[in-house]
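Understanding the architecture of this molecule
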Amino acid sequence: MKRSDLIRSIKVQFDSMRTEEATIFFDNVINNIKNAIKYGNKIEIRGFGTIQSRHRATKELYNPIQKKYMIAPANTTILFKPSKELTNKMNG
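Attention here is on the structure that accompanies the text. (Residues numbered from 1 in each chain as written. Predicted model: local features only at pLDDT ≥ 70, side-chain atom pairs only at ≥ 80, totals over all residues. Heavy atoms only, no water.)

Let's shift gears to the side chain of N63. Along the polypeptide, N63 turns up in strand β3 (residues 59–63). A polar atom in the side chain of N63 sits 3.0 Å from the backbone nitrogen of I65. Here the side chain of N63 touches Q66 through a polar contact of 3.4 Å, landing on its backbone nitrogen. N63 has contacts with K68 and M70, leaving out every residue within four places of it along the chain. (Helix = DSSP H or I, 4+ residues; strand = E, 2+ residues; numbered from the N terminus. Polar contact = N/O pair within 3.5 Å; in protein donor to acceptor, adjacent residues only side chain to side chain. Contact = heavy atoms within 4.5 Å.)

In terms of nonpolar packing, the biggest core is built from five residues, these being I7, I10, M17, A22 and F26. Looking at this core, the elements with two or more residues in it are α1 (3–13) and α2 (19–38). Those residues in contact with I10, other than ones at most four positions away along the chain, are M17, A22, F25 and F26. (Core = buried A, V, L, I, M, F, W, Y, C linked by side-chain atoms within 4.5 Å. Buried < 20%, exposed > 50% of the residue type's maximum accessible area, 1.4 Å probe, protein only.)

Following this line, the structure appears as structure tokens:
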């Protein structure tokens, strides 16, 4: 499903909404999610899942091809944990 499909579904749900308004609505929701993740907040959408940032520490890895140890730098990633409802819907 693409961004345009999601915007179209918003427009269908709200009959009086124009495409431009649905686009602004969708972009605002996405920007709020991005900003929350950026500042380390946890986002919980009931029936969908939880989105949060996760910090990974620096760690030492072994490269068997070069037979050397190397350092994987610390970084921040995004963790998505689906809700039980979403998992059940996907599985059957």
